[in-house]
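Working through the structure, step by step
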2 protein chains.
Amino acid sequence: MIRVLVADDQALVRGALAAMLGLETDIEVVAQVGSGDEVVDAARLHRADVALLDVQMPGKDGLTAAADLRAAVLGCRVIVCTTFGRPGYLARAMAAGASGFVVKDAPPEQLVDAVRRVHAGLRVVDPVLAAESLASGASPLTERERDVLLRAQDGGTVSDLARALHLSDGTVRNHLSSAIGKTGARTRAEAVRLAEEHGWL
Amino acid sequence: MIRVLVADDQALVRGALAAMLGLETDIEVVAQVGSGDEVVDAARLHRADVALLDVQMPGKDGLTAAADLRAAVLGCRVIVCTTFGRPGYLARAMAAGASGFVVKDAPPEQLVDAVRRVHAGLRVVDPVLAAESLASGASPLTERERDVLLRAQDGGTVSDLARALHLSDGTVRNHLSSAIGKTGARTRAEAVRLAEEHGWL
DNA sequence: TGCCGGCCATGACACCTGTCACGCCGAGGT
DNA sequence: ACCTCGGCGTGACAGGTGTCATGGCCGGCA
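Residues numbered from 1 in each chain as written. Chains lettered and ligands numbered in written order. Predicted model: local features only at pLDDT ≥ 70, side-chain atom pairs only at ≥ 80, totals over all residues.

1. Structural notes on the overall build of chain A
For chain A, the helix and strand inventory stands at ten helices and six strands. Over its C-alpha atoms, taken along the principal directions, chain A stretches across nearly 60 × 30 × 30 Å. Across the 201 residues of chain A, 46% fall into the buried class. Summarising the internal contacts of chain A: among those between residues at least 6 apart in sequence, 60% fall at separations of at least 24. (Helix = DSSP H or I, 4+ residues; strand = E, 2+ residues; numbered from the N terminus. Buried ≥ 20, exposed ≤ 12 C-beta atoms within 10 Å, placed from the backbone. Contact = placed C-beta atoms within 7 Å.)

What follows is the structure, encoded as structure tokens:
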């Protein structure tokens, strides 16, 4: 029996995924959690073989939870399962030590298949996404540019961002300008959108 | 047996939901579709009693699909199931003739419960969300203001929006200004965000 | 009929933004 | 020691943006 941990913030899909996996004769869902902070404890407590982690979760991020899990619980493999096939997500998931990456658009059989393969020690990655990830490349943004874009997401003015980040207005505008240039955007809002789509935030 | 149709664009959660509902002895999933355009045909073909519709789907919107379904297939009740508990979604879903509204944060039992209740002719609505919906009220935006905000989502300049909507630059700015005022925002981007969160787009 | 509200447009004004040039500092690499 | 790169800051400038007043057009409503 493959012991699986399911982590997803939406209770409904979490339960549904668990129900679907539970239908397989060789798979047993031993734990379900709704936040990234509970992942490590639950995995250790229930001795999970495979952890299925969503990216967007309250508390700890799914990607950082993956890294923590790899460090804390040896022998527990990780599949990152996300709504958005952002190239950057894949890269960060692999860097965090994940063994698999599944998009929620994928057919259901692909997930159970991924669970089995990952449990067998293989890596499972959507080839289309892998190509995109390589094409898109790593994030060109510096840490500060990323911070500024993150803050800019909710639509405040430059002064708002400057106050929030304890920076000068001019500095913020410089970072924004450089981020706009690097993303190939023509507006701050467009830069935010593009960076988000690439998974650079 | 309650004959259920499941419509969701993400194949994985669609399959998972179907698997979960299929576990119930009195529920049978007779059809699964991944776009709003297939809903009406599938519901008629498989004589569904209850249709479970996601809001965001390719092709036809889940909410408009609900309206079409009510008009085309008598006796088929609708549950709208969405990731985001936007007040405006609830209002539009009810206006479209939906009998139930379930958020994906809700516990799994709530969904199967909703299916049974709706099939029995009852209405199922999250009370918290209903209160929010009443508090937030209907959209204060005019049709044009909504259009402009919709186009403004991808972060173009005023001139871009003007060209796309075949309007004058000044007119676009007027609509934006008025939308900013009505949403209580201080920036175009903030107005977009707020309107989105209220479900006014 | 008159009135009101939405839609479109113009023009003007103050302010915000995006860009550029320039400088200072500290960390890391050769 | 030198150079490079990222972070931080200033100042200035052109162009974009948000606001307001004003006006015309149309459809609905008392």
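2. Points about the protein's contact with DNA strand D
Near DNA strand D there are 20 residues, and of these Thr142 and Gly170 of chain A together with Val158, Ser177 and Arg188 of chain B occur at the shortest range. Going through the elements one at a time, helix H7 (143-152) and helix H9 (169-183) of chain A together with helix H8 (158-165) and helix H9 (169-183) of chain B are the ones with two or more residues in the surface near DNA strand D. Along the lines of polarity and charge, the residues of the surface near DNA strand D split into four nonpolar, eleven polar and five charged. (Near = placed C-beta within 6 Å. Nonpolar A, V, L, I, M, F, W, Y, C, P; charged D, E, K, R; others polar.)

3. Focus on the UniProt feature "domain: Response regulatory" (unreviewed entry) in chain A
Mapped onto the present numbering, the UniProt feature "domain: Response regulatory" (unreviewed entry) falls on residues 3-119 of chain A. For the annotated span residues 3-119 of chain A, helix accounts for 44% and strand for 23% of the residues, and the straight-line distance between the end C-alpha atoms is 9 Å. (UniProt positions renumbered as here; feature names shortened; annotations may be inferred.)

4. So, the sheet that holds strand E6 (residues 124-125) of chain A
All names here are of chain A. The parallel open sheet is built from six strands, whose spatial order is E2-E1-E3-E4-E5-E6. Looking at which strands have only one partner, the edges of the open sheet turn out to be strand E2 (27-33) and E6. Where strand E1 (residues 2-7) meets E2, six bridges bridge the pair, whose relative direction is parallel. If you follow Val4 over to E2, its bridge partner there is Val29. Each of E1 and E2 touches helix H1 (residues 11-22); the most contacted strand, E2, lies at about 165° to it. (Pairing = 2+ DSSP bridges. Axes fitted to C-alpha atoms, helices over the stretch in contact; angles between N-to-C directions.)

5. Focus: the protein's contact with DNA strand C
For DNA strand C, the set of nearby residues contains 19 residues, the closest of which are Thr157, Val158 and Arg188 of chain A together with Thr142 and Gly170 of chain B. Mapped by element, the contributors of at least two residues to the surface near DNA strand C are H9 of chain A together with helix H7 (143-152) and H9 of chain B. Top contributing element to the surface near DNA strand C by residue count: H9 of chain A, with six residues. Taken together, the residues of the surface near DNA strand C break down into four nonpolar, ten polar and five charged.

6. Some remarks on the environment of Met20 of chain A
Looking at the secondary structure, you find Met20 of chain A in helix H1. In sequence terms Met20 of chain A and Val6 of chain A are 14 residues apart; their C-alpha atoms lie 11 Å from each other. The residues touching Met20 of chain A, leaving out its near neighbours within four places in the chain, are Pro108 of chain A together with Gly15, Ala16, Ala19 and Met20 of chain B.

7. A word on the domain arrangement of chain A
The domains assigned to chain A are domain 1 (2-135) and domain 2 (143-198). Centre-to-centre separation of domain 1 of chain A and domain 2 of chain A, based on C-alpha positions: 31 Å. (Domains from an automatic or database assignment.)

8. Section: the interface of chain B and chain A
Listed as interface residues are 27 residues of chain B and, on the opposing side, 27 residues of chain A. At the level of elements, helix H1 (11-22), helix H5 (108-119) and helix H10 (188-198) of chain B are the ones that each hand at least two residues to the side of chain B that touches chain A. Classifying every residue of the side of chain B that touches chain A by side-chain character gives 14 nonpolar, seven polar and six charged.

9. What to know about the environment of Ala66 of chain B
Position of Ala66 of chain B among the secondary structure elements: in helix H3 (residues 62-72). As a C-alpha pair, Ala66 of chain B and Leu17 of chain B span 49 residues in sequence and 19 Å in three-dimensional space.

10. Concerning the sheet that holds strand E2 (residues 27-33) of chain B
All names here are of chain B. Ordered in space as E2-E1-E3-E4-E5-E6, the six strands form an open sheet in which the pairing is parallel. Sheet topology places E2 and strand E6 (124-125) at the edges, where each strand pairs with a single neighbour. Pairing of strand E4 (residues 77-82) with strand E5 (residues 100-103), which is carried by four bridges, proceeds in the parallel orientation. Residue Cys81 lies in a different strand from E5, and its bridge partner there is Val102.

11. Things to note about the relation of the copies chain B and chain A
When chain B is brought onto chain A, the operation consists of a screw motion whose angular component is 180° and whose axial shift is 0.0 Å, with 0.0 Å RMSD remaining. Here the transformation between the copies is reduced to the relation of a two-fold axis. Across chain B, the rotation axis passes nearest the C-alpha of Ala16 of chain B, at a separation of 2.4 Å. (Least-squares fit on C-alpha atoms with pLDDT ≥ 70 in both.)

12. Brief notes about the nonpolar core
Residues Ala51, Ile79 and Val80 of chain A together with Ala51, Ile79 and Val80 of chain B are the most contacted members of the largest nonpolar core, which totals 98 residues. When neighbours within four sequence positions are excluded, Ala51 of chain B is seen to be in contact with Leu5, Ala7, Val39, Ala43, Leu69, Cys76 and Val78 of chain B. Among the nonpolar cores identified, the runner-up in size contains 28 residues, and Leu141 and Leu176 of chain A together with Ala152 and Ala189 of chain B belong to it. (Core = buried A, V, L, I, M, F, W, Y, C linked by C-beta atoms within 7 Å.)

13. Looking at the pairing of E1 of chain A
All names here are of chain A. Since E1 and E2 lie parallel, the crossover through H1 that links them has a hand, and here it is right-handed. Pairing of E1 with strand E3 (residues 50-54), which is carried by four bridges, proceeds in the parallel orientation. Pairing of Ala7 across the sheet is with Leu53, part of E3. (Right-handed = clockwise from strand over helix to strand, strands pointing away.)

14. Notes on H9 of chain A
Residue and element names in this part refer to chain A. Taking 1.5 Å as the rise per residue, H9 with 15 residues should run 21 Å; its terminal C-alpha atoms sit 21 Å apart, in good agreement. Among the residues of H9, those classed as buried are Val172, His175, Leu176, Ala179, Ile180 and Thr183. All buried residues of H9 fall inside an arc of 135° around its axis, so they share one side. On its buried face, H9 is in contact with H7, helix H8 (158-165) and helix H10 (188-198). Following H9 by one or two positions, Gly184 adopts a phi angle in the positive range, close to 75°. (Expected span 1.5 Å × (residues − 1). Arc of directions from axis to C-beta.)

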